[in-house]
Each structure stands twice: as structure tokens, then as C-alpha cells.
Amino acid sequence: MSYKINDDCISCGACEAECPNKAIREGRDAYEIAHERCSECVGSFSKQQCAEICPVGAPTQDPDCQENHDQLLAKWKQLHPGETPKVT
């Protein structure tokens, strides 16, 4: 399950720099997460960095994009070819 940014976003930008997959971009009214790039930080960190850094808790799991751990790790490997996952 990838993450999404809910309406609580205050557009502070803290999450964008923390994303190891460059999945977060500034949208029209708030920041957005590209589901095809979000691996919930699987492969890079043990916790979702966007959710950890957000001062208002705007990044949350997206129930419309459900993926299991193996799928998230495969996505990370595709985004980081030749790298070894730091966390599996």
C-alpha cells in the first residue's frame, strides 16, 4: 500500500526531501505522492520518512493502492537498479 497526502497538508515541503524514491512533488494545492514510485520506504528505511517528518500527519496509507512487502521491495529495486536494499 503506497502512501498519499491528505487534506491536512500545509505545503511545508518537509516530506519531499525525505523521500528516497523522489515520489513526492508539489501539487497545485498540496504535495502529492506518485503511487508508482512510493515503496513506503521499504528498501531504504524501516519507517515511512514522509510520515515521520510531517508536522501535521498528512501522509497516510492509501487503501486504494494496496501492495504487500514483496511488491514494495520489488518496486524499490526497480527504482534503484544495482543497489542493495538497506532494509528489507
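Here, every reference points to the structure presented above.
Please read these numbers as outputs of a predicted model, since none were measured by experiment.

Procedures and definitions
- All residue numbers refer to positions counted from 1 along the written sequence of the respective chain.
- Whole-chain, interface and lining totals are the exception, using all residues; otherwise, since this is a predicted model, local features are given only for residues with pLDDT of at least 70 and side-chain atom pairs are given and counted only at 80 or more.
- Only heavy atoms go into the side-chain values, all of them from the structure, while hydrogens and water stay out.
- In this scheme, a residue with accessible area under 20% of its type's maximum is buried, one over 50% is exposed, and one in between is partly exposed, where area comes from a 1.4 Å probe on protein chains only.
- Going along the chain from the N terminus, every DSSP run of H or I of four or more residues is numbered as a helix, and every run of E of two or more is numbered as a strand.
- This arc is taken over the directions from the axis of the helix to the C-beta atoms.
- Nitrogen and oxygen atoms within 3.5 Å of one another constitute a polar contact, given that in protein one can donate a hydrogen and the other can accept it, and given that sequence-neighbouring residues count only through two side-chain atoms.
- Any two residues having at least one pair of non-hydrogen atoms within 4.5 Å are treated as being in contact.

Examining helix α3 (residues 69–79)
Piece 1. Within α3, the full set of buried residues consists of Leu72, Leu73, Lys75 and Trp76. The arc that holds the buried residues of α3, viewed along the axis, is 155 degrees, so those residues lie on one side. Exposed side of α3, more than 90 degrees from the buried face: Asp70 and Gln78 are the residues found there.
Piece 2. The N-cap residue of α3 is Asn68: its side-chain oxygen and the backbone nitrogen of Asp70 are 3.0 Å apart.

What about unusual backbone geometry?
Piece 1. The phi angle at Lys22 is positive, at roughly 55 degrees, despite the residue not being glycine.
Piece 2. Tracing the chain through its elements places Lys22 in the loop between α1 (14–18) and β2 (24–26).
Piece 3. Backbone geometry places Cys41, a non-glycine residue, at a positive phi of 70 degrees.
Piece 4. Inspection of the secondary structure puts Cys41 in the loop between β3 (31–33) and α2 (49–53).
Piece 5. By relative accessible area, Cys41 is classed as buried at 8%.

Here's the deal with the side chain of Ser2
Piece 1. Within the fold, Ser2 resides in the segment before β1 (3–5).
Piece 2. Since its relative accessible area comes to 0%, Ser2 is described here as buried.
Piece 3. Looking at Ser2, its side chain comes within polar contact range of the side chain of His35, at 2.6 Å.
Piece 4. Among all residues touching Ser2, those that are not within four sequence positions of it are His35, Cys38, Glu40, Thr60, Gln61, Asp62, Cys65 and Glu67.

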